[in-house]
Each structure stands twice: as structure tokens, then as C-alpha cells.
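# Structure assessment
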Amino acid sequence: MKEKLVKMLPCAAALGINFYLLPLLARDTGAAMLLMLAVMPLAAFLTAVIYGIRCGFSLLLPAVALLLFAPTVLLYYNETAWGYALFYPAAVLAGNGIGRLFYRKR
């Protein structure tokens, strides 16, 4: 289990940057919507694909995405953003599943 968590740290860091630093780039509502609906899900999806290719499938990765995103609702958004707390882990789950298709045991 510890080995899995250590392998997950770079992806968790990428998700953390995605969820905590990208919202700082939003200057107005339009930019915030573009970030939340396109850029952040795509970044989370691609991070999960890379993790799936390198380490295989893990249900822990979507849980990490949920745990990392949930506090950002209180920091950056209003209560309407709670729906994204399910959307981003779903994108991570899909990306991890697709990445798993290209995973090769080493």
C-alpha cells in the first residue's frame, strides 16, 4: 500500500496544482467557467491517463481527486461548485481506466 501511495504522489501533486493554482488564473466569470468546464477536467483526465499507463488502475486516485478538490469549493467557489466534486473524480476514473488499457507490467 505504501508503494502505491509513493507512486501516486506525482499525480496527486499534479492534481493539487490543477485544483489549487489554476483557479488563481480566473479573472472573470467567463474565464472561471472555461477553467472549470474544460481546462481543469482535461488536466485531471490527462494526469489520470498518465498514471494509468505508468502504474495501472487504482480506485484510490479518484478518491485523492475528491479529497483534493473538496476544500477548493470553500476557498474559491460557491456552493454550486459541489457538483464538480463528483465530476472531477469521474474524469479521473475514466482517464485512469483508459490509461490502464496501455499499461504493461514491467
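These remarks concern the structure in this document. (Residues numbered from 1 in each chain as written. Predicted model: local features only at pLDDT ≥ 70, side-chain atom pairs only at ≥ 80, totals over all residues. Heavy atoms only, no water.)

## Overview of a nonpolar patch on the surface
As a reminder, the rule being used: Surface patches are drawn from residues lacking salt bridges whose relative accessible area is over 30%; two like charges belong together within 9 Å, two nonpolar side chains (Val, Leu, Ile, Met, Phe, Trp, Tyr) within 5 Å. Per-residue and other accessible areas follow the Shrake-Rupley method at a 1.4 Å probe size, with only the shown protein chains counted as cover for residues. The salt bridge criterion pairs a side-chain nitrogen of Lys or Arg with a carboxyl oxygen of Asp or Glu, the two atoms within 4 Å. Each helix corresponds to a stretch of at least 4 residues labelled H or I by DSSP, and each strand to a stretch of at least 2 residues labelled E; elements are numbered beginning at the N terminus.
Residues Ile-17, Leu-21, Leu-24, Leu-75 and Tyr-76 make up a contiguous nonpolar surface patch of roughly 480 Å² in combined accessible area. Structurally, Leu-75 can be placed in helix H3 (residues 60-76).

## What to know about the pattern of salt bridges
Where we set the bar: For every residue, the accessible area obtained with a 1.4 Å probe (protein chains only) is divided by the maximum for its type, and the residue is called buried under 20%, exposed over 50%, and partly exposed between those limits.
If you walk through the whole model with that rule in mind, you get one salt bridge. Glu-3 is the partner of Lys-7 in a salt bridge, and the nearest nitrogen-oxygen pair spans 3.5 Å. Of this pair, Lys-7 and Glu-3 both sit in helix H1 (residues 2-20), four residues apart, roughly one helical turn. By relative accessible area, which is 43% here, Lys-7 ends up partly exposed. Glu-3 gets classed as exposed once you look at its relative accessible area, which sits at 57%.

## A look at helix H4 (residues 84-101)
The criterion, for reference: A helix is expected to reach a length of 1.5 Å times the quantity of its residues less one. The directions considered for the arc are those from the helix axis to the C-beta atoms.
For H4, spanning 18 residues, the distance from its first C-alpha to its last is 26 Å, which sits close to the expected 26 Å at 1.5 Å a residue. Considered for burial, the residues of H4 that qualify are Tyr-84, Ala-85, Tyr-88, Pro-89, Ala-91, Val-92, Gly-95, Asn-96 and Gly-99. Buried residues in H4, looked at end-on, bunch into an arc of 150°, giving them a common side. Relative to its buried face, H4 has exposed residues pointing more than 90 degrees away, namely Leu-86 and Leu-101.

## Here we look at the nonpolar core
Formally: Put simply, a nonpolar core is a bunch of buried Ala, Val, Leu, Ile, Met, Phe, Trp, Tyr and Cys residues held in one set by side-chain atoms that sit within 4.5 Å of each other. Any pair of residues with heavy atoms lying within 4.5 Å of one another is described as a contacting pair.
Membership of the largest hydrophobic core comes to 23 residues, with the highest contact counts inside it found for Met-36, Met-40, Leu-61 and Phe-69. Counting residues per element, the ones that place at least two in this core are H1, helix H2 (29-55), H3 and H4. Examining the composition of this core, we find that six residues originate from one element, H2, more than from any other. Setting aside its immediate chain neighbours within four residues, Leu-61 contacts Met-8, Cys-11, Leu-15, Ala-48, Tyr-51, Val-92 and Asn-96.

## Notes on H2
The line we're drawing: One fitted axis covers the seven residues ending at a residue, a second covers the seven starting there, and the bend at that residue is the angle between these axes.
The end-to-end C-alpha separation of H2 is 37 Å, in line with the 39 Å expected for 27 residues at 1.5 Å each. Of all the bends found along H2, the most pronounced is centred on Leu-35 and spans about 40°. What H2 keeps buried is the set Leu-35, Met-36, Met-40, Pro-41, Ala-44, Thr-47, Ala-48, Val-49, Tyr-51 and Gly-52. The inward-facing, buried residues of H2 abut H1, H3 and H4. Count one or two residues on from H2 and you reach Gly-56, which has phi positive near 90°.

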